[in-house]
Every structure is written in structure tokens, then in C-alpha cells.
Amino acid sequence: MGKAKMLLNRLQDRIELDSQLTELSRVQPWIEAWADQYGFSEETRFAIHLCVEEALANVVMHGYRNEPGHPIVIRASFSAHNLLFVIEDEAPAFAPVEPTSRGDATPVSVESFEPGGNGIRLLYRFAGSLAYERFADGNRLTIGFPIPTEGVSALI
């Protein structure tokens, strides 16, 4: 078995949540384990947490309308020097299209953001890559982050 395969086997590559905001607390240590494995900086860890938690909150609040009892599956994997988080749900279709800007200026601080409607903007700003797919029975959002050179060399 190759070293990369052995590393993946040590970490749980999949987590299933119920459609409740309280379930999001289970994701943080799981993300940290993946970030530790690949040597991500604190800045990138922040971006990963922000993007994954924002996407999950959107599924719960907007996709499932805060109704518990619906599955959300998150898988982690690596591909072409990227750590990928794949979020799958059975909610109605919602494609996170690239947002149009609000006005001419990009907010310079968190305090200058207008409330509401910033989740998609944050995903596009902080994720390395973002891809959405719609299936007959649900949605798949793939959020990617480049693995630091040191993390990639550990896989070889």
C-alpha cells in the first residue's frame, strides 16, 4: 500500500451530519485533523473552516430550511496537490454562482460587510477552487485548497 493511501486510511475520510446547525461543531476537529496531516498554515485553516462551515450552514438554513432529519455528507480527499472537501445533500437545487459585486469597492474589514448574502462571496474569496454539481436527488459542492509543498512531499 502506498504512503498516500496509508495516510488516508488513518483519517476518517467521510462524516455524515444531520441537518441541524448544532451538528456543525462535529466538523471542526475533523477539519483540523486533515489540516494537521497536510501542514496547512493558520491562515489556510481559517479559510477551510470558514468555507466549509458557511457551505454547511447554507445547506441547513436555506436548503433544508432548518428542518432536522436530512442527511449532509462531507468527504475529504486529495487530488492534484489539493485537499478537497465534497459536501453532498438532498436539498433543492442551489448553485453558488459567482456573486456580482455590491458597489465598486470590496469591503476592507469584516465590520464593513453588509449583513446577509455574503456566504457565496466568502466561498469564492477564500476557497482555492469551487465546483457545484446538481444530481436528480441532490447537490454536490466541492471546495478545494492547495496543499502546501511540505504536505505534498509527505505524500510521495
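Scroll up to find the structure.
Quick summary incoming for the structure in this document.

What counts, and where the lines are drawn
- Residues numbered from 1 in each chain as written.
- Predicted model: local features only at pLDDT ≥ 70, side-chain atom pairs only at ≥ 80, totals over all residues.
- Heavy atoms only, no water.
- Salt bridge = Lys/Arg side-chain N within 4 Å of Asp/Glu carboxyl O.
- Helix = DSSP H or I, 4+ residues; strand = E, 2+ residues; numbered from the N terminus.
- Buried < 20%, exposed > 50% of the residue type's maximum accessible area, 1.4 Å probe, protein only.
- Pairing = 2+ DSSP bridges.
- Phe/Tyr/Trp six-rings, centres within 6.5 Å; stacked < 30°, edge-to-face > 60°.

### Examining the pattern of salt bridges
Then, in step 1: Evaluation of the coordinates by the stated rule reveals 8 salt bridges.
Then, in step 2: Arginine 75 serves as the salt-bridge partner of glutamate 88, at 3.1 Å between the closest nitrogen and oxygen. Of this pair, glutamate 88 sits in strand S3 (residues 82–89) while arginine 75 sits in strand S2 (residues 71–79), and the two are 13 residues apart along the sequence.

### Remarks on the pairing of strand S1 (residues 14–18)
Then, in step 1: Burial along S1 is one-sided: Ile15 and Leu17 are buried, and none of Arg14, Glu16 and Asp18, which face the opposite way, are.
Then, in step 2: Sheet topology places S1 next to S2; 5 bridges connect them, and they run antiparallel. Note on S2: the bridge partner recorded for arginine 14 is arginine 75.

### Points about the environment of histidine 62
Then, in step 1: Mapped onto the elements, histidine 62 comes out in helix H3 (residues 42–63).
Then, in step 2: Spatially, the C-alpha atoms of histidine 62 and phenylalanine 94 are 9.1 Å apart, while their sequence positions differ by 32 residues.

### Let's talk about the pairing of strand S5 (residues 138–146)
Then, in step 1: Most of S5 is tucked away, with 7 of its 9 residues classed as buried.
Then, in step 2: The sheet contact formed by S3 and S5 spans 8 bridges and is antiparallel. Paired with asparagine 82 across the two strands is proline 146, which belongs to S5.
Then, in step 3: Of the strand pairs in this sheet, strand S4 (residues 129–135) and S5 are connected by 7 bridges, and their pairing is antiparallel. Looking across to S5, one finds that tyrosine 132 is bridged to leucine 141.
Then, in step 4: Between the end of S4 and the start of S5, which pair antiparallel, lie 2 residues.

### With respect to the packing of aromatic side chains
Then, in step 1: Scanning the entire structure with this criterion turns up 5 aromatic pairs.
Then, in step 2: Relative to phenylalanine 78, the ring of tyrosine 38 has its centre 6.1 Å away and its plane inclined at 55 degrees; by these criteria the two rings are tilted. You can see tyrosine 38 sitting in helix H2 (residues 27–38) and its partner phenylalanine 78 sitting in strand S2, a full 40 residues away along the chain.
Then, in step 3: Residue class for tyrosine 38 comes out buried when judged on its relative accessible area of 1%.
Then, in step 4: Aromatic pair phenylalanine 85 and phenylalanine 145: ring centres 6.4 Å apart, planes at 65 degrees, arrangement edge-to-face.

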